Amino acid sequence: MKLRLTLAAVAVALAAQAGAAQARDQIRVVGSSTVFPFATTVAENLGRGGQFKTPVVESTGTGGGLKLFCAGVGTAHPDIANASRRIKQSEIDDCAKNGVAQILELKVGFDGIVLSNAKSGPAANFTTEQIFLALAKEIPQDGKLVPNPYTSWNQIDASLPNEPIEVLGPPPTSGTRDAFVELVMESGCKTLAGAKDLGLEGKTCHAIREDGKYVEAGENDNLIVQKLEANPKAFGIFGYSFLEQNMDKLQGASIAGEQPTFENIADGKYPVSRSMFVYAKLAHVGTIPGLQEYLAEFVSEKAGGEEGYLLDKGLIPLPEDVLKGEQDKVAKLTPLAGL
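These lines cover the structure that appears in this document, whether it is placed above or below.

Criteria and cut-off values
- Along each chain, the written sequence defines residue order, and numbers are assigned to residues from 1.
- For this predicted model, a pLDDT threshold of at least 70 governs which residues receive local features, and a threshold of 80 or more governs which side-chain atom pairs are given and counted, while totals over whole chains, interfaces and linings are taken from all residues.
- The basis for the side-chain values is all heavy atoms of the structure; hydrogens and waters are excluded.
- Categorising residues by exposure relies on relative accessible area from a 1.4 Å probe, with only protein chains included: less than 20% of the type maximum marks a residue as buried, more than 50% marks it as exposed, and the intermediate range marks it as partly exposed.
- Runs of H or I in DSSP of at least four residues are treated as helices and runs of E of at least two as strands, each being numbered from the N terminus.
- This arc is taken over the directions from the axis of the helix to the C-beta atoms.
- Residue contacts follow a heavy-atom distance rule, with two residues in contact if any of their heavy atoms lie within 4.5 Å.
- Salt bridges are defined as contacts in which a side-chain nitrogen from Lys or Arg sits within 4 Å of a carboxyl oxygen from Asp or Glu.
- Here an axis means a line fitted to C-alpha atoms, over the contact stretch when the element is a helix, while the angle between two N-to-C directions is reported on a 0 to 180 degree scale.
- Convention used here: angles under 35 degrees read as roughly parallel, angles over 145 as roughly antiparallel, angles from 65 to 115 as roughly perpendicular, and any remaining angle as oblique.
- Should the near helix be turned counterclockwise from the far one by less than a right angle, the crossing is left-handed, whereas a clockwise turn marks it as right-handed.
- Any residue outside Ala, Val, Leu, Ile, Met, Phe, Trp, Tyr, Cys, Pro, Asp, Glu, Lys and Arg is labelled polar, Gly included; the first ten of those are nonpolar and the last four are charged.
- Here, any two strands with at least 2 DSSP bridges between them count as paired.
- Surface patches are drawn from residues lacking salt bridges whose relative accessible area is over 30%; two like charges belong together within 9 Å, two nonpolar side chains (Val, Leu, Ile, Met, Phe, Trp, Tyr) within 5 Å.
- To be clear on the numbers: accessible area is Shrake-Rupley with a 1.4 Å probe, and residue cover counts the displayed protein chains and nothing else.
- Only four residue types enter the charge count: Lys and Arg as positive, Asp and Glu as negative, with His and the chain ends excluded.
- In plain terms, the charge of a residue is placed at NZ if it is Lys, CZ if Arg, CG if Asp and CD if Glu.
- The nonpolar core is taken to be a set of buried Ala, Val, Leu, Ile, Met, Phe, Trp, Tyr and Cys residues, with the residues joined through side-chain atoms within 4.5 Å.

Observations regarding helix α3 (residues 62-69)
Regarding α3, the residues found buried are T62, G63, G65, L66 and F69. All buried residues of α3 lie within an arc of 165 degrees about the axis, which places them on one face of the element. Where the residues of α3 are buried, they touch β1 (28-31), β3 (80-83), α4 (89-97), β4 (103-118), α7 (175-190) and β13 (273-281).

Have a look at this one:
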């Protein structure tokens, strides 16, 4: 009798485990607000095929998404994290600590970072040095670092608008923020005379002012658009793809004389561009239905190719040979070997 009860208990436990493994039949995606429209479009296309449920895609920001992604393996944790920058070694280490050992990294396209304002506002042409001087927490002045004294753009350069500095931008958890401080703030900092002598180089150039001239606007890019329409003198920071979706309301500022256009970003003329990434747990392939198929769709010719449907959403496509390399990664489920 005891043996029968023990066997029954084991059977119940095994059944419970099997049920848990199949507790989720939808792919769960988190991460970058910049990659969000592309990931959502691919999810909808996968769902329309009828074989798999439409994946659930959440916009949490790159940093927040990777934190969720790296928290563990199993159906309680996301399958995919989108990122508007490459994963950091510290994040890979966090993943490993929590058992997320096999990660697939896909580069899915390019995007530009734009400084944009309402069409009813002034057109602008900035250099990265001017943007640094507008937004840095401290700037070099008279041989020392001082709290940023600038309150209007024309105080920095007489050619800039005689308007107060007000920039709405992403929070520190955002991949767009990470890319902005690296590609714009750090670049602008390098060109300043005496900055290096005062210790301003590399990551020390990344500190953004906190006196209200830079306003953290969260991960909701739609909210930034509404605020820019309400205040045409303000500028917002976000990905080019979002500017393209709102061309009827917004205009992009030129950087170093180059406008943020599809062509300028694709050929490297526009100086503030970055790669976009998708990270997936290989341990979830075969457990979560459609995961490998979703990844294959994302880097397929029909989605991410030179005439793919993601171009309508503002994706700047990868060169053909690079795209084929990403397709090969999905087919072979090749894990990230290291940074």
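Next comes the rest of the description.
Concerning the pattern of salt bridges
Here the structure, examined in full by the defined rule, presents 15 salt bridges. For D79, the salt bridge identified is with R24, shortest N-O distance 2.6 Å. Taken together, the residues span a long stretch of sequence, with D79 in the loop between α3 and β3 and R24 in the loop between α1 (2-21) and β1 at a distance of 55 residues. Looking at D79, the relative accessible area reads 0%, which means it is buried. Since its relative accessible area comes to 14%, R24 is described here as buried.

Structural notes on the packing of helix α2 (residues 36-48) against helix α11 (residues 291-298)
Orientation of α2 relative to α11, taken along the N-to-C sense of each, is 120 degrees, at an axis distance of 10 Å. Classified by the angle between their axes, α2 and α11 sit oblique to one another. In the crossing of α2 with α11, the sense of the turn from one axis to the other is right-handed. Along the contact surface, α2 presents F38, A39, V42, A43, N45 and L46, while α11 presents E293, Y294, E297 and F298. Looking at the contact of α2 with α11 residue by residue, the classes come out as seven nonpolar, one polar and two charged.

A few points about the pairing of β4
A large share of β4 lies buried, amounting to 14 of its 16 residues. Pairing between β4 and β13: nine bridges, direction antiparallel. Across the sheet, residue G112 finds its bridge partner in β13, namely S273. Taken together, the four bridges between β4 and strand β10 (residues 235-239) define a ladder with antiparallel strand orientation. Pairing of V114 across the sheet is with F238, part of β10. Examined bridge by bridge, β4 and strand β11 (residues 250-252) share three bridges and lie antiparallel to one another. The residue bridging A118 from the neighbouring strand is L250, located in β11.

Some words on a negative patch on the surface
Together, E301, E306, E307, E320 and D321 make up a region of like negative charge exposed at the surface. One can find E320 in helix α13 (residues 320-332). Accessibility expressed as a relative area gives 46% for E320, which makes it partly exposed.

Description of the packing of helix α5 (residues 128-135) against α7
Contact geometry for α5 and α7: axes closest at 7 Å, N-to-C directions at 100 degrees. By the angle class used here, α5 and α7 are roughly perpendicular. For the pair α5 and α7, the contacting residues are T128, E129, I131, F132 and L135 in the first and F180, L183, V184, M185, S187, G188 and C189 in the second.

Digging into the nonpolar core
Judged by nonpolar contacts, the single largest core of 50 residues is most densely connected at F126, F132, L135, W153 and F180. For this core, the secondary-structure elements that each account for two or more residues are β4, α5, α6 (153-156), β8 (167-169), α7, α8 (221-230), β10 and α9 (240-245). The biggest single contributor to this core is α7, with six residues. Among all residues touching L135, those that are not within four sequence positions of it are N148, I165, V167, F180, M185, A207, I208, R209, Y214 and I237. Among the nonpolar cores identified, the runner-up in size contains 31 residues, and I80, L106, L291 and L318 belong to it.

By themselves, these are just geometric observations and shouldn't be taken as functional.
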